[in-house]
Amino acid sequence: MTLVPRPSSRVLRLGIPKGSLQDATVQLFARAGFTLYVSSRSYFPSVDDPEIECMLIRAQEMARYVADGVLDAGLTGQDWIREHQVGHPDETPLVPVCDLVYAKQSFGKVKWVLAVPEDSPFEKAEDLAGKTIATELVRVTSAYFAERGVNVHVEFSWGATEVKPPVLADAIVEATETGSTLRANRLRIIDTLLESNTQLIANQTALADPWKKTKIDNIALLLKAAIEAQGRVGLMLNVRRQDLTAILGLLPALQRPTISPLSDEDWVAVNTIIEEKTVRDLIPRLKAAGGQGIVEYPLNKIVV
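Rules used in this analysis
Residues numbered from 1 in each chain as written. Predicted model: local features only at pLDDT ≥ 70, side-chain atom pairs only at ≥ 80, totals over all residues. Heavy atoms only, no water. Core = buried A, V, L, I, M, F, W, Y, C linked by side-chain atoms within 4.5 Å. Buried < 20%, exposed > 50% of the residue type's maximum accessible area, 1.4 Å probe, protein only. Helix = DSSP H or I, 4+ residues; strand = E, 2+ residues; numbered from the N terminus. Contact = heavy atoms within 4.5 Å. Polar contact = N/O pair within 3.5 Å; in protein donor to acceptor, adjacent residues only side chain to side chain. Salt bridge = Lys/Arg side-chain N within 4 Å of Asp/Glu carboxyl O. Pairing = 2+ DSSP bridges. Axes fitted to C-alpha atoms, helices over the stretch in contact; angles between N-to-C directions.

Draft legend 1. Summary view of the nonpolar core. Counting 30 residues, the largest nonpolar core has Phe29 and Leu200 as the members making the most contacts within it. Counting only elements with at least two residues in this core, the list comes to strand 1 (12-18), helix 1 (22-32), strand 4 (52-58), strand 5 (73-77), strand 6 (95-100), strand 12 (198-202), helix 6 (204-208) and helix 7 (210-229). Residue contributions to this core peak at 7 residues, all from helix 7. For Phe29, the contacting residues outside a window of four places in its chain are Leu14, Ile16, Phe34, Leu36, Leu75, Ile219 and Leu223.

Given below as structure tokens:
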């Protein structure tokens, strides 16, 4: 598979995960300052940056295409990177550029867990000797049982894995964020194989190109800044100097609040960043402590 290059030689070929992570990824890029236009009829989203060429690739295949040089960089989960690496142990390693901790339901990690029916006698991996395990993560699962000396039959699942036990499989290895789907299907977790979050990965050829490395690093910086800002807001207010100590005692912050003098030397402006969920309780307390002109404003990016 090859991408048709644009006239400019300075183009970064970037893989965007298609499927469950797609919408969350497009939203993350928007907060980072990049607008992706995704059409249901095309695997080549347009982006408002002429130096980036995007392609939609299933997360399960992203590591392969980045490793092969079809793409310079891409976003995929650590789970699928590991699945690729287990199958290609002699291949030049992919380079993780940065962790991007977000998932399809929340800004958090997913877990790949070994789950069995609630009423089954299985309590640990060793109890499953000779049994059938259904999963999409075949290589990692096979390696997990091999490391424990447990002989099982691992079969690939095309989806709806959680409905297979006990009729079509004895146990499953499945990704979960909250465990709610497993519980709804009367499954219980007996072990965790790995935790996974999205990573921006690149191949070593791309990183050896100074221009591409700088472009990849800048994208990573902006994506991490967008994640850092998630769930936070800025807050600014005016305070009499005599009330400043009381106000500062109420304010949590990333580091310290910024305090700036105003034209009236008896007053200062205070600017800080706080968790959005604390605002509704905090603003009335700030007002009661003497804060005035309180303004809450949204944040798209925080570079730390």
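Draft legend 2. Region of interest: the side chain of Asp79. Here Asp79 is to be found in helix 3 (residues 78-87). Within the structure, the side chain of Asp79 is placed 2.6 Å from the side chain of Trp112, a separation counted as a polar contact. With sequence-adjacent residues up to four places away left out, Asp79 is seen in contact with Trp112, Leu137, Leu194 and Ser196.

Draft legend 3. Molecular detail of the side chain of Asn197. With respect to the helices and strands, the residue Asn197 is situated in the loop between strand 11 (187-196) and strand 12. A distance of 3.2 Å separates a polar atom in the side chain of Asn197 from a polar atom in the side chain of Asp99.

Draft legend 4. Molecular detail of the pattern of salt bridges. Enumeration according to the criterion identifies 12 salt bridges in this entry. Between Arg13 and Asp72 there is a salt bridge, with the nearest N and O atoms lying 3.0 Å from each other. Placement of the pair is Arg13 in strand 1 and Asp72 in the loop between helix 2 (59-67) and strand 5, with a sequence separation of 59 residues. Judged by its relative accessible area of 24%, Arg13 is partly exposed.

Draft legend 5. Layout of the environment of Arg139. As for its placement among the helices and strands, Arg139 is situated in helix 4 (residues 138-147). Judged by its relative accessible area of 37%, Arg139 falls in the partly exposed class. Expressed as a C-alpha distance, the spacing of Arg139 and Val154, which sit 15 residues apart in the sequence, is 8.8 Å. Those residues in contact with Arg139 that sit more than four places away from it in its chain are Glu83, His84, Val86, Gly87 and His88.

Draft legend 6. Layout of the sheet that holds strand 4. Sheet architecture is open: 5 strands sit in the order 4-1-5-12-6, paired in mixed fashion. Looking at strand neighbours, the two that pair on one side only are strand 4 and strand 6, the edges of this open sheet. Averaged over all neighbouring strand pairs, the angle between strand axes comes to 25°, with direction disregarded. Relative to strand 12, strand 5 is paired through 5 bridges, and the arrangement is antiparallel. Residue pairing in the sheet places Gly74 in a bridge with Ile201 of strand 12. With respect to the sheet, helix 1 is in contact with strand 1, strand 4 and strand 5, its orientation differing from that of strand 1 by roughly 135°. Lying over the sheet, helix 7 contacts strand 1, strand 4, strand 5, strand 6 and strand 12, oriented at roughly 20° with respect to strand 6.

Function-wise, these values are silent; they only describe arrangement.
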